[in-house]
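# Architecture and fold: a report
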Amino acid sequence: MAKDYKKLANDIIRLSGGTGNIASATHCMTRLRLHLNDGSKFQKEDINKLDDVLMVAIQNGEYQIVIGQDVPNLYAEIQKIDGIHAQGQVEDEEAASHDKKLINQNRSAKDYFNLVMSFIGGTFSPVIPVLVAGGLTGAVLTLLTNFAGVSDKSGTYIVFYAINQATFYFLPVFIGYSAAVRLKSNGYLGAFLATILLYSSINGAKGLNYFGIKIPTINYNSTVFPIILGVLFLSVVYKFLEKHTPNYFKTIFVPLLTILISVPVTLIILGPIGNTLGTWLADGVYALYQAAPAPAVMIIGITTPLMVFFGMNNATYPVLFALMAQIGSDPLICTGMAPANVAVGGAALASMLIAKEVNQKSIAMSAGITALCGITEPAVYGVLFPQRYPLIGAMIGGGIGGLMAGLLGMTQYVVSTPGFISIPAYIDPSGSNYNLIVSICVMLVALICGFTASYLLGKRSMKK
């Protein structure tokens, strides 16, 4: 039976306080994300009971409704509802006032940390489809050159290579737009700032100065921290000018002054700071990995389901890109998440065998298969946390797989969703099959361990 996304969209909006209460609506790969003007109008329990809603989570003022991979279909219906504009934003004074109060309220160090992680995760989440497509194109290119005899001089190679390289060369543009939208600023100005940084006479240029002030030489195409800091500053400037510029001057002077102020500050101050932070982060993380590779990857394998549950998994992307820029591969983040994700799939499939109800079996089976492909939110929210024992089983499987990956030196050469669907990402561009064989073995072991541990724990739970 086909799902009625229109009815589901109307029910969610109604139970969230109506269109007038929706400050913004976005979505990631599996969740509808709402920012509300008045959180007291959000009827969490009633939304939880709706068909096709797996779970509701509230994180740092954001109301996340877990739907699964069907969420784009739901989001398309959300956008059709009067009062919710394209890009899911409703601009009004009440929403702006709400955001200001949210930012200015007293917060602990933990609150600020969660706010930063939420911002980073929310910035990278919309960019994931581009990263997956571009990253896996690089893996396909490796297959074509190593096994299909495609020459690196051919037009086919050039096209595939362009797709792969454009993804990461222009990554700051995607991040700039996404970060600005996340900050409720102008997304196109955020993207514009990134294109300026990447322009041939700026990116990696030596000997530049601005009114006599030296501009450091930075390759902006290989780091994401400068554009993130630049957009943070740009958003402050943009909002200040929007508030204090007369209406009849806004169209001309707000974008002009925003860019004229933001660009030199980014080039002279924020860009170098961001580049240094990225270098320190990559060096520090890689040093920890080199000191204890097996425990480091094992920790990622164990904690991945928890990071997914709390929406923190996407916040690891800056570390991932820093590693990729520094050493050319990722031996830690995606390498640890790959066995964790397939272990989640195994745990969900074990739950399917144990479950008595047909509906529960159906949810566990679909969530398990999806997790094997690298998308674990449906399994985490719909199976692991509600039943508990599959969560423990998945963490056991992910930990064993991560330990094995660290011991054997497994790594991931391109950015993609960790799981069986991304097997080509583990092919060594040099032509060696070692990493590919290790990766397959690691994920199979994690799958078996996750399934077995969950099945045994589930049977024991049933007896009790």
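Refer to the structure printed above.
Residues numbered from 1 in each chain as written. Predicted model: local features only at pLDDT ≥ 70, side-chain atom pairs only at ≥ 80, totals over all residues. Heavy atoms only, no water.

## Thoughts on the environment of Lys356
As for its position among the elements, Lys356 is in the loop between helix 14 (333–354) and helix 15 (358–372). Separated by 183 residues in the primary sequence, Lys356 and Val173 place their C-alpha atoms 49 Å from one another. (Helix = DSSP H or I, 4+ residues; strand = E, 2+ residues; numbered from the N terminus.)

## Digging into the nonpolar core
In terms of nonpolar packing, the biggest core is built from 77 residues, with Phe124, Ile227, Tyr317, Phe321 and Leu332 touching the most fellow members. Once residues lying within four places of it in the same chain are set aside, the contact partners of Ile227 are Pro172, Ile175, Gly176, Gly190, Leu193, Ala194 and Leu197. By size, the runner-up hydrophobic cluster in this structure holds 24 residues, among which are Ile13, Leu15, Leu34 and Val56. (Core = buried A, V, L, I, M, F, W, Y, C linked by side-chain atoms within 4.5 Å. Buried < 20%, exposed > 50% of the residue type's maximum accessible area, 1.4 Å probe, protein only. Contact = heavy atoms within 4.5 Å.)

## Quick look at unusual backbone geometry
Across the chain, the bulk of peptide bonds are trans and the bulk of non-glycine residues have phi less than zero. Positive phi, normally seen in glycine, also occurs at Asp52, with a value near 75 degrees. A positive phi is found at Lys184, a non-glycine position, where the angle reads about 60 degrees. By the secondary structure assignment, Lys184 is in the loop between helix 8 (171–182) and helix 9 (187–198).

## A closer look at the packing of aromatic side chains
The geometry of an aromatic ring pair is captured by the separation of the ring centres together with the interplanar angle, meaning the angle of the planes. The final tally for this structure, using the stated rule, is 13 aromatic pairs. Here the aromatic rings of Phe42 and Tyr63 are separated by 4.6 Å at their centres, their planes lie at 50 degrees, and the arrangement is tilted. Within this pair, whereas Phe42 is found in the loop between strand 2 (31–36) and helix 2 (44–48), its partner Tyr63 is found in strand 4 (residues 62–66), the two being separated by 21 residues in sequence. The burial state of Phe42 is the same as that of Tyr63; both residues are buried. (Phe/Tyr/Trp six-rings, centres within 6.5 Å; stacked < 30°, edge-to-face > 60°.)

## Considerations on helix 7 (residues 155–169)
When the terminal C-alpha atoms of helix 7 are compared, their 20 Å separation across 15 residues agrees well with the 21 Å that a helix rising 1.5 Å per residue should span. Tyr157, Asn164 and Thr167 are the residues of helix 7 that are buried. An end-on view of helix 7 places all buried positions within 105 degrees of arc, on one side of the element. In this structure, the buried side of helix 7 is in contact with helix 6 (128–147) and helix 8. (Expected span 1.5 Å × (residues − 1). Arc of directions from axis to C-beta.)

## Description of the packing of helix 15 against helix 16 (residues 377–387)
Between helix 15 and helix 16, the shortest axis-to-axis distance is 8 Å and the interhelical angle comes to 125 degrees. When the interaxial angle is binned, helix 15 and helix 16 end up oblique. Crossing handedness for the pair helix 15 and helix 16: left-handed. Here helix 15 contributes Gln360, Ile363, Ala364, Ala367 and Ala371 to the contact with helix 16, which in turn contributes Pro378, Ala379, Gly382, Val383 and Gln387. Taken together, the residues of the contact of helix 15 with helix 16 break down into seven nonpolar, three polar and no charged. (Axes fitted to C-alpha atoms, helices over the stretch in contact; angles between N-to-C directions. Parallel < 35°, antiparallel > 145°, perpendicular 65-115°, else oblique. Left-handed = near helix turned anticlockwise from the far one by under 90°. Nonpolar A, V, L, I, M, F, W, Y, C, P; charged D, E, K, R; others polar.)

## Details of a positive patch on the surface
Taken together, Lys356, Lys361, Lys459 and Lys463 make up a surface patch of like positive charges. By the element assignment, Lys459 lies in helix 18 (residues 434–463). According to the relative accessible area criterion, Lys459 is partly exposed, its value standing at 37%. (Patch = residues over 30% accessible without salt bridge, like charges linked within 9 Å, V, L, I, M, F, W, Y side chains within 5 Å. Areas by Shrake-Rupley, 256 points an atom, 1.4 Å probe, with all protein chains shown as cover. Salt bridge = Lys/Arg side-chain N within 4 Å of Asp/Glu carboxyl O. Lys, Arg positive; Asp, Glu negative; His and termini not counted. Charge placed at Lys NZ, Arg CZ, Asp CG, Glu CD.)

## Some thoughts on the sheet that holds strand 2
If you trace the four strands from one edge of the open sheet to the other, you get 1-2-4-3, paired in antiparallel fashion. Each edge of the sheet is formed by a strand with only one pairing partner; in this case those strands are strand 1 (22–27) and strand 3 (55–59). Sheet twist, expressed as the mean angle between neighbouring strand axes with direction ignored, is 20 degrees. The sheet contact formed by strand 3 and strand 4 spans five bridges and is antiparallel. Looking at strand 4, one finds that Met55 is bridged to Val66. (Pairing = 2+ DSSP bridges.)

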